[in-house]
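These are the residues of each chain, in order.
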Amino acid sequence: MNKELRHKMPSELLEEEAKEELTALAEEIKNHDTEYYEDNNPTADDFYYDGLRRRFETLAGYFPRFPISIEIMEKVGSAPAASFDKITHSEPMLSLANAFDREEVFEFSERVRRFLRLGPDITLELVAEPKIDGLSASLRYEKGELVYGATRGDGTTGEDITKNLLTIDDIPKTLTKQVPDVLEVRGEVYMTKNAFKKLNISQEASGKSNFSNPRNAAAGSLRQLDPSITAARRLNFFAYSWGEVSSIKIDTHFEFLNLFETNGFVVNDLTEICVSVDQILSCHEKIHNLREQLPYEIDGMVYKVNRLDWQNRMGSISRSPRWAIAHKFPAEQMETRLMQIDIQVGRTGVLTPVGRLEPVKVGGVLVTNVTLHNEDEIQRKDIRIGDRVVIQRAGDVIPQVVRVNRNARSRFSEKFVFPTKCPSCGNETQRSEGEAARKCVAGLVCDAQAIERLKHFVSKNAVNIDGLGEKQIKSFWDKGWIQNPADIFRLARYSDELAKLSGWGGKSIENLFEAIENSRGIRFDSFIYSLGIPQVGQQTAKLLAENYIDIEHWQIAMISCTQGDEAAWNSLTNIDQIGESVGQDLLNFFNQQRNIDIVTDLASELSIESHKIQKTAQSKITGKTVVFTGTLVAMGRAEAKALAEKLGARVSSAISQKTDYLVVGEAAGSKAKKAKQLGVSILSEQEWRAMLYADSA
Ligand code: IVH
């Protein structure tokens, strides 16, 4: 295809040209979809793929008469090819927090020590293991027999891939040595570098496309509906963790690994017990140096607290255990040319510069776009269009420019001038003091922002309306049919006009309205997330839902915050992981009457399901608000807080009328006095502990 066409505005294209480009785009999108969904072997990064989709949707919207548009619009984003039964993990499969440098490893060790209140003379044993670049799987054995094996999935629910896992030699079918009734063994399925090379040779010989790296090859091989294909692919398995285990007398992580080994599993032989951060770091260095020679791919090290009683005390947060961390190896880098800098406008008005690159493979993945973050970053690195730039890709993060190769710079290159006007609406932009981002201040008047917000609102993890994509939102927006999210639920009043638009047949209109109706029931946390408040992602939305339970309480609390209610503000910013900065963004949102109206309007269209309190940990303190003061004897503050939260209490740092209990440790300050004034119950540490372990009333 003539690549020049890609950069033309749709209005500049002749019908013939548009048709040619649409056909080529359709072909390319289809190929990427096959690679992604069927072969599990994507060769394009998300940025590039999204760019193709956007261009396709823009053109298809502009030239709606080509049947190819409709056909591919339906195909794009189709469900995965293979279908397996779902399995809900009896214990969630957690992921790991990352450390990227020595400092962060040191902080991790300090954090563990502080949490467990280990004195300087107490040794903290950490097990260091290579972080295998494959896919985790969970194998459930009952009375020593394998009953099923599952993928990690989203951590809660995975796919039943038992038959495929059984083709792996490293996975025993029966366990015989000191095995408890239920034992779930977890670990990593991977493909060796050698098996990967051989597989690609045979792929080529049979005219199929190559896998880009062993991880993708392993994923593609594991998700085959026909296990004989998996068997031919040669996969391996390292055991490193466990899920549900019925009673067993084991005290350390290392002993668990030994149990796995005696039962025929393979445990990575570079696993080591370390007793200091120095030892951990030299182990990291040693294995980093070995990396190239290892027969399998690794992308870092994992450190785990060895003592299981300590692991249990620490528990987990945000789906990662507090007692473990992944220490990544430095990222891979490549040099290429920066062809163009485009400015995108996000849903909050932030202008983000995106660098378009001459495509380059970094770590097996084709990279065509990089984020340039903001104008300061471009200034600081003096990044110019036409420069040769060093690109870095690490794990799943968006590729970045590390530096410019000044020696290769053209004499004629010019400094990049960041626009001061919004490229979408032409309005003024602003930079607040201390902020890196330049923002378009036109708010919802700016088409790009309004549309991005609506796109976010309908997206999968928000309200999830199928069939309402960027193209449809833009077209309804242009007609004035939807200006804010609640309008979507009143679209039916335009159904006659809609039927007259090209591309909308009876069936597609019916589907759209059905999808809209189906999305009226929504979980409270998804609702919060759908509002697109800056810094309020899915995790934060969940925390808010857990703390405020339903929309009414949340809205009242947020409005109280905007009216200067200190107690409301304290309970918000005292929520673990929600600090002043997120609080401020919530405040900004609720400070605008327009936003309150939007929330109220939406709430009247939707049926918002209140947050369900988990019934698992009922205790006398479930639902109560607790404040700690002074030094506790039995455990550190972090542990006391984590334990209280596990049992369903809210822990706050300031006393208010809403406080149920004040727990007073040694050398407590003035809080007890305030508690007395407010009539809050005061407990000694002993009374508190007795209450924790009492049956719930
Ligand atoms: S431990 C609670 N150990 O890394 C324990 N994970 O980023 C959770 N991984 O999903 C996992 N090597 O797929 C653990 N030695 C190792 C690992 C390892 C690779 C993967 C695993 C996990 C991901 C988390």
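The shown structure was predicted, so the numbers you read here are calculated from the model rather than taken from an experiment.

How each quantity is defined
- Residues numbered from 1 in each chain as written.
- Predicted model: local features only at pLDDT ≥ 70, side-chain atom pairs only at ≥ 80, totals over all residues.
- Heavy atoms only, no water.
- Helix = DSSP H or I, 4+ residues; strand = E, 2+ residues; numbered from the N terminus.
- Rg over C-alpha atoms; globule rule 2.2 N^0.38 Å.
- Buried < 20%, exposed > 50% of the residue type's maximum accessible area, 1.4 Å probe, protein only.
- Contact = heavy atoms within 4.5 Å.
- Areas by Shrake-Rupley, 256 points an atom, 1.4 Å probe, with all protein chains shown as cover.
- Axes fitted to C-alpha atoms, helices over the stretch in contact; angles between N-to-C directions.
- Parallel < 35°, antiparallel > 145°, perpendicular 65-115°, else oblique.
- Nonpolar A, V, L, I, M, F, W, Y, C, P; charged D, E, K, R; others polar.
- Pairing = 2+ DSSP bridges.
- pLDDT = per-residue confidence, 0-100.
- Salt bridge = Lys/Arg side-chain N within 4 Å of Asp/Glu carboxyl O.
- Near = heavy atom within 4 Å.
- Polar contact = N/O pair within 3.5 Å; in protein donor to acceptor, adjacent residues only side chain to side chain.
- 1 Å grid on protein atoms, 1.4 Å probe; cavity = no way out; pocket = protein on both sides within 12 Å on 5 of 7 lines; lining within 4 Å.
- Points joined across faces, edges and corners; volume = space filled by probe spheres on them.

A. Main features of the overall build of the chain. Scanning the chain from N- to C-terminus turns up 25 helices and 26 strands. Relative to the 2.2 N^0.38 estimate, which gives 26 Å for 697 residues, the radius of gyration of the chain is 28 Å and therefore close to what a compact globule would have. Sorting the 697 residues of the chain into buried and exposed places 47% on the buried side. For the chain, restricting intrachain contacts to residue pairs at least 6 apart in sequence, the fraction spanning at least 24 positions comes to 67%. With the model as given, the accessible surface of the chain reaches about 34,600 Å², and the carbon-plus-sulfur share is 48%.

B. Highlighting the packing of helix α19 (residues 551-562) against helix α22 (residues 593-605). Where α19 meets α22, the closest approach of the two axes is 12 Å, and the angle between their N-to-C directions is 170°. When the axes of α19 and α22 are compared, the pair comes out roughly antiparallel. Across the interface between the two elements, Ile551, Gln555 and Ile559 from α19 touch Ile596, Val599 and Thr600 from α22. The residue inventory of the contact of α19 with α22, partitioned by class, reads four nonpolar, two polar and no charged.

C. Broad picture of the pairing of strand β17 (residues 388-393). Two elements, strand β14 (residues 332-345) and β17, share six bridges in a ladder whose sense is antiparallel. Residue Arg337 lies in a different strand from β17, and its bridge partner there is Arg388. Where β17 and strand β18 (residues 400-404) come together, four bridges link them in antiparallel fashion. Considered in β18, the bridge of Gln392 is made with Gln400.

D. Spatial organisation of the pairing of β14. Where β14 and strand β15 (residues 351-362) come together, seven bridges link them in antiparallel fashion. Looking at β15, one finds that Asp342 is bridged to Val354. Hairpin geometry of β14 and β15 is characterised by an intervening segment of five residues between the two adjacent antiparallel strands and by a positive phi of about 90° at Gly349.

E. Geometry of unusual backbone geometry. Although it is not a glycine, Lys143 adopts a positive phi angle of roughly 45°. Assignment of secondary structure puts Lys143 in the loop between β4 (135-142) and β5 (145-151). Even without a glycine there, the phi angle at Gln178 is positive, about 50°.

F. Just the side chain of Glu159, in detail. When you line up the elements, Glu159 lands in strand β6 (residues 157-159). Leaving out residues up to four positions away in the same chain, Glu159 has contacts with Phe84, Asp85, Lys86, Gly149, Ala150, Thr151 and Arg223.

G. View of the confidence of the model for the chain. Summarising the model, the chain shows a mean pLDDT of 87, and 92% of its residues fall at 70 or more. Per-residue pLDDT stays below 50 along residues 1-5; that stretch engages in 10 contacts with residues further than four places along the chain or on separate chains. Here residues 74-82 is a poorly scored stretch, pLDDT under 50, and it has 15 contacts once near neighbours within four places are set aside; other chains count.

H. Layout of the pattern of salt bridges. Tallied over the full model, the rule gives 37 salt bridges. With a closest N to O distance of 3.5 Å, Lys143 and Asp181 form a salt bridge. Linking Lys143 in the loop between β4 and β5 with Asp181 in the loop between α5 (162-165) and β7 (182-190), this pair joins segments that are 38 residues apart in sequence. Asp382 serves as the salt-bridge partner of Arg409, at 3.1 Å between the closest nitrogen and oxygen. Taken as a pair, Arg409 in the loop between β18 and β19 (429-430) and Asp382 in the loop between α12 (375-380) and β17 lie far apart in primary sequence, 27 residues in all. Here the residues in one salt-bridge network are Asp487, Arg490, Glu517, Arg520, Asp601 and Glu605, joined through shared partners.

I. Layout of the site of the ligand. Around the ligand sit 14 residues in total, of which Glu129, Ile132, Glu188, Tyr240 and Lys304 are the nearest. Lys131 is positioned with one of its side-chain polar atoms (N or O) 3.3 Å from an oxygen atom of the ligand. Here an oxygen atom of the ligand sits 2.8 Å away from a polar atom, N or O, in the side chain of Glu188. When isolated, the ligand has an accessible area of 520 Å², and the protein chains bury 88% of it. If you list the elements that add at least two residues to the shell around the ligand, you get β3 (126-132) and β10 (298-305). Here the residues of the shell around the ligand sort into eight nonpolar, one polar and five charged.

J. Broad picture of empty space enclosed by the protein. A full pass over the atoms with the stated rule returns four cavities of 30 Å³ or more. Within this model, the largest cavity holds a volume of roughly 140 Å³. Top element by residues in the lining of the largest cavity is helix α13 (residues 447-458). It accounts for four residues. Among the residues making up the lining of the largest cavity, the classes are represented as eight nonpolar, six polar and two charged. Put simply, the second largest cavity is a space of about 60 Å³.

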